[in-house]
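Chain by chain, the residues run as shown.
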Amino acid sequence: MAAAAPPEAAPFPPAVARGTRGRVGRAAVSAGPGGPPRSAGMFIYLCKKIAIPGNIRLKCISWNKNQGFIACGGEDGLLKVLKLETQTDEAKIKGLAASNNISVTQTLEGHSGFVQVVTWNEQYQKLTTSDQNGLIIVWMLYRGSWYEEMINNRNKSVVRSMSWNADGQKICIVYEDGAVIVGSVDGNRIWGKDLKGTHLCHVAWSSDSKILLFGMANGEIHIYDNQGNFIVKMKLSCLVNLTGAFSIAGIHWYHGTQGYIEPNCPCLAVCYDNGRCQIMRDENDYNPVLIDTGINVVCIQWNPNGSVLAVAGSLRASQDKDGNVVQFYTPFGEHLRALKVPGKQISSLSWEGGGLKIALAVDHYIYFANIRPHYKWGYCSNTVVYAYTRADRPECCVVFWDTKNNEKYVKYVRSLISITTYGDFCVLATKADENQPQYVLVLCNSIGTPLDPKYIDIEPLFVTMTKTHVIAASREAFYVWQYRVAKKLTAMEINQLARTRKEGRERIYHIDDASSGSGDGRLDYSRAFEGTRDPICAITASDKILLVGRESGTIQRYSLPSVAVVQSYTLDCRAYQLSLNCNSSRLAIIDLSGVLTFLELDPRAADGAGQPEAGEQLRLERKDVWDMKWAKDNPDLFAMMEKTRMYVFRNLDPEEPIQTSGYICNFEDLEIKSVLLDEILKNPEHPNKDYIINFEIRSLRDSRALIEKVGIEESSQFIEDNPHPRLWRLLAEAALQKLDLQTAEQAFVRCKDYQGIKFVKRLGNLQSESMKQAEVAAYFSRFEEAERMYLDMDRRDLAIGLRIKLGDWFRVLQLLRTGSGHSDDALLEQAHNAIGDYFADRQKWLNAVQYYVQGQNQERLAECYYMLEDYQGLENLANSLPENHKLLPDIAYMFVRVGMCEQAVSAFLKCNRPKDAVDTCVHLNQWNKAVELAKNHNMKEIGSLLARYASHLLEKNKILDAIELYRKANYFFEAAKLMFKIADEESKKRTKPLRVKKLYVLSALLMEQCHEQMQNAQRGKVKEKSSESASALAGLLEEDALSSTNRFADNAWRGAEAYHFFILAQKQLYKGSADAALKTALHLRDYEDIIPAVEIYSLLALCACANRAFYTCSKAFVKLESLETLKPEQRQQYEDLALEIFTRYSPKYKKTPDLDDVLESGDGKLPVCVATGAPILEYRFWMCSVCKHCMKAKEAGHYNACPLCHSPVS
């Protein structure tokens, strides 16, 4: 086997993409000072060639994505399995590129004919192969070697294609003669079908294993279900208006195992040998992405995450022996790269599992190419921002990884286009909506918090940013946004900002317009969509200038912030990435083929040598460059990535290369920070700090070596000749180590380190050498050594002070326990509390409690008890606190939050906050407790409190409880209202009359208590001013005001009277006292508003009839028949009954003195006896002291209680 020198990767004309979704050409996004290109682009170069022994021609190759085995088949039954060496952990951490050496090679014997198909079952570690004779062999891995497991030979036709489904459970085999077999992983046949009259050549499964695509020899593709039933023919838009013979070169359906770069992303690729290709979202996509690759295609394959489609073939009508080429496209048809491959005929290709290599079968060689993807990533403020896709989410996952604290913040972004960074900020360019041609530039900080989004109508294919501007460009126009971040504004800048807003902080310019910078470029998109013959291909910017690269090689220079055209430069290449140095004097250009060149922008001061003029290209040119970064603090210093090596250049002279495949984050202070994105993105959810590598450049390494070997004085001369703040700081530190304070001070002055100068001055004031050494040890973070020196000097206080500064309170506690002192108690308390805080911050509450108890930190102790749900401990703490302690309210609220009313009330009362205690009771529905507290503390709010409690009870339909509440609180009027309401409702329900009477009596009794309360209150008010009669009058006036607003307050006893006489009349009637019953029933005529009229007059008619008072009976019937509430049938019944009675007994009027007395009694007339219902004619009678109703004196002797209100007879 021999390794070949890889040819130069050359650009290839972009593909023609028709019918795409509108994003043709998103090939690169430039990064100015903020970093490398951010698109899903890539750089590729050949890195190794392996020759097959015996010059046996290869036909097929397949790379196992999980285990890394490579299977290749060819003539004479050749079948080999190879494996490249895997990286060691040490090599990964050093950032070395993966090895290209072969670690495993095995020849598999079994085929005799040309091996035409090899396919892996990665889930079950199986290899399936087939030759020209139709022999199929399934190989299995056993102890590191491959063995024949199953064999099948149909002996009728040759196998044209085989495909395992996504989960590796089924394989579909298609034969040239139209036979199809679907089998299981264990070798069982599931179903077979003979598609007669067809010649098959390709097969592919859908990701859900429900659809099978069969490619026919005539170029048609038929869609079947997974049981072999025909569904429909696929629409092939790429073959429209095409004549001549053509055949299918490849069908590959990406199964979404690593997610999709965009929601609803095209994933099914179909390609023909004539170079026509279509990429579809699914098998029924009627608007696919169409590509004409311009080559004769032999093979296609998606990379492992579906973001790049590789198309292998040869140039049409090429006489060149190196006519082989591999084209790379995005799922949207955008051409990324072309790789020329030596040899006569390329036959197959396959991607490595990580997508960082590709294997190519060419003649009797296997070529390997390395791929450097242009990831969507950036670096800002010690934070690496990177994006990746996940199978379980349609959005792009953007991780903000703080490398200093090893913390990460994850954001999910739909349709992410690019990531651009500068300083402390980051801009995410995304598509606003799937269906709308609008885009968003989201300004974020280093933890991913969106600060300011801007919606733009042009597609941000290229984005760059400076500390004041974000510039986004499409092919035809560029948008300039002057962004501000509020936290960094001064008062003067705020005024300027207001002015700028009026002028417009957002402007847009067409690339063909000559901007003068005098206020043109208003945010008008009408011109931005006009085409141009020379589109934009790259942009970059600094604080002073903006550079826009065009496809013709022209670079247009604009001034910032005015955006006026300053100058135009011409290059002999098409720029892919542009980058400015720190003072904007030089421009680095990387073109499409990876050639790095430089352009001098500003003339330099002549130094005798021939300096290049402004606009002249520098002599330096490097090939195979895929990334570069200028130093932030030196305009002549830059680092570049060439294949797998990093070169550092000073004044265009290179240092020795460093083997690494890292992406350059930052170049500052003679140190290069690099991130191994390849390794991070293998497990993007758990980035490892080992994958951030720092490289020192040669001058820093040499200075350190000089100081160590030669000495300070000699090395200071070298640093004088090669001055840099970092080198002076290195010298200052070395001088400090040797206590050479004079040299240290001079070096700190040269590197402008004010803190260092102060430290040296402080050292100079110390007398003791050992004290100086201890301070220097502490300065260099050798804290253990410094502490030991302090203790050796018997300066425990300094050792404790050092540990306090470091926040190492555990060590402080140890040191305090080794000695004693009057100030140690306060420090001990502080240490205990600090350790308690340490455990509390980590939510180790039990450990925190122990230290807070010793530190007597009652406030944090309460918090810990609360978090531990140790409410007994919290209660004990509250009980131990003195009255009116400031912590008591907080503890009380903790109890409130968990519903512990009694403990909360106790804490509130202890800190003299009875109102909060009452509010707590109300909040926790402990109303009895609330009322009790309100009474005990004579609170004015008791009325509103009772109203709230009563409404709470009424909401729960606990009306009697509400009445009892009002009664206990002496709110008799509200209680009476509620009781009257209940009595009214019970009356309407026609409940037992006795129950209704009792309810009305209770209501009236409450009303009597209300009257008495009012009179007592008025009596108390006027006791000093006027007589008792005036007091009574005032009470009566208040009662009158009360009664005018409430019907029942006017005569609270009416309801009780009505039901009392109603019951009494019936009792008398049943006893046979018809005369007495009639007299009682006659009173009911005054209570039609309480008892239904039909019941009153029915009872009256009955009593009158029984008493043979037919005249009165007739009048009752007349009243009954005239009632509007009666139904017609009821009225008819009354009329029939009246006719029956009065045809027998004439209703003649008879004068009866007793009855006349009853008729004359009533309001304002004769009083009525509540015992008999008869009018009282005597002058002497008994009156109830409670309800004020009367009873004949002779009847009073028969009763112990008032017949109406049941109060005792005195």
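Quick notes on the rules
- Residues numbered from 1 in each chain as written.
- Predicted model: local features only at pLDDT ≥ 70, side-chain atom pairs only at ≥ 80, totals over all residues.
- Heavy atoms only, no water.
- Helix = DSSP H or I, 4+ residues; strand = E, 2+ residues; numbered from the N terminus.
- Phe/Tyr/Trp six-rings, centres within 6.5 Å; stacked < 30°, edge-to-face > 60°.
- Lys NZ or Arg CZ within 6 Å of the ring centre and 35° of its normal.
- Pairing = 2+ DSSP bridges.
- Axes fitted to C-alpha atoms, helices over the stretch in contact; angles between N-to-C directions.
- Buried < 20%, exposed > 50% of the residue type's maximum accessible area, 1.4 Å probe, protein only.
- Parallel < 35°, antiparallel > 145°, perpendicular 65-115°, else oblique.
- Left-handed = near helix turned anticlockwise from the far one by under 90°.
- Contact = heavy atoms within 4.5 Å.
- Nonpolar A, V, L, I, M, F, W, Y, C, P; charged D, E, K, R; others polar.

**Examining unusual backbone geometry**
Logical step 1: Between Leu560 and Pro561 the backbone carries a cis peptide bond, its omega angle lying at 5°.
Logical step 2: Structurally, the position occupied by Pro561 is in the loop between strand S44 (554–559) and strand S45 (565–570).
Logical step 3: The phi dihedral of Ser584 is positive, around 60°, even though this residue is not glycine.
Logical step 4: Mapped onto the fold, Ser584 is located in the loop between strand S46 (575–580) and strand S47 (586–591).

**Section: the packing of aromatic side chains**
Logical step 1: One pass over the structure, following the stated rule, counts 38 aromatic pairs.
Logical step 2: Between the aromatic rings of Tyr1059 and Phe1062, the centroid separation amounts to 6.3 Å while the plane-to-plane angle is 80°, which identifies the pairing as edge-to-face. Residue Tyr1059 and its partner Phe1062 are located together in helix H27 (residues 1054–1071), separated by three residues, close to a single helical turn.
Logical step 3: The structure contains a cluster of three or more aromatic residues connected by ring pairs, namely Phe598, Trp630, Phe638, Tyr647 and Phe649.
Logical step 4: In this arrangement the basic side chain of Arg154 is found over the ring face of Tyr175, its NZ or CZ atom lying 4.6 Å from the centre.
Logical step 5: Sitting over the face of the ring of Tyr576, Arg337 holds its NZ or CZ atom 4.8 Å from the ring centroid.

**Considering the sheet that holds strand S32 (residues 396–402)**
Backbone-to-backbone hydrogen bonds join strands into a sheet, with any given pair of strands oriented parallel or antiparallel.
Logical step 1: Spatial ordering of the open sheet is given by S30-S31-S32-S33, a layout of four strands whose pairing is antiparallel. Both outer strands of the open sheet, strand S30 (377–380) and strand S33 (407–413), are each paired with one neighbouring strand and no more. Between one strand axis and the next, the sheet turns through 20° on average, direction left out of account.
Logical step 2: Both strand S31 (residues 383–389) and S32 contribute to a ladder of seven bridges, which runs antiparallel. By the bridge assignment, Val385 is partnered in S32 with Phe400.

**Here's the deal with the pairing of strand S25 (residues 324–329)**
Logical step 1: For S25, the buried fraction is high: six of the six residues fall into the buried class.
Logical step 2: Along S25, one buried face is formed by Asn324, Val326 and Phe328 and the opposite face, lined by Val325, Gln327 and Tyr329, is buried too.
Logical step 3: Judged from the six bridges that link them, strand S24 (residues 309–315) and S25 form a sheet pairing that is antiparallel. When the bridges of S25 are listed, Ser314 appears paired with Asn324.
Logical step 4: Pairing of S25 with strand S26 (residues 335–341), which is carried by six bridges, proceeds in the antiparallel orientation. Bridging across to S26, Gln327 finds its partner in Ala338.
Logical step 5: In this antiparallel pair of consecutive strands, S25 and S26, the connection spans five residues, and Gly333 shows a positive phi of 85°.

**As for the sheet that holds strand S43 (residues 545–550)**
Logical step 1: Sheet architecture is open: four strands sit in the order S42-S43-S44-S45, paired in antiparallel fashion. Looking at which strands have only one partner, the edges of the open sheet turn out to be strand S42 (536–541) and S45. Between one strand and the next, the sheet's axes are offset by a mean angle of 20°, whatever the strand orientation.
Logical step 2: Bridging between S43 and S44 involves five bridges; their strand directions are antiparallel. When the sheet's bridge partners are listed, Leu546 is paired in S44 with Tyr558.

**Brief notes about the packing of helix H8 (residues 754–764) against helix H9 (residues 769–779)**
Logical step 1: Close contact between H8 and H9 brings their axes to 10 Å; oriented N to C, the two are set at 160°. Our classification of the angle between H8 and H9 gives roughly antiparallel. Handedness of the H8/H9 crossing: right-handed. Within the contact between the two elements, H8 uses Gly756, Phe759, Arg762 and Leu763 and H9 uses Lys772, Glu775, Val776 and Tyr779.
Logical step 2: Looking at the contact of H8 with H9 residue by residue, the classes come out as four nonpolar, one polar and three charged.

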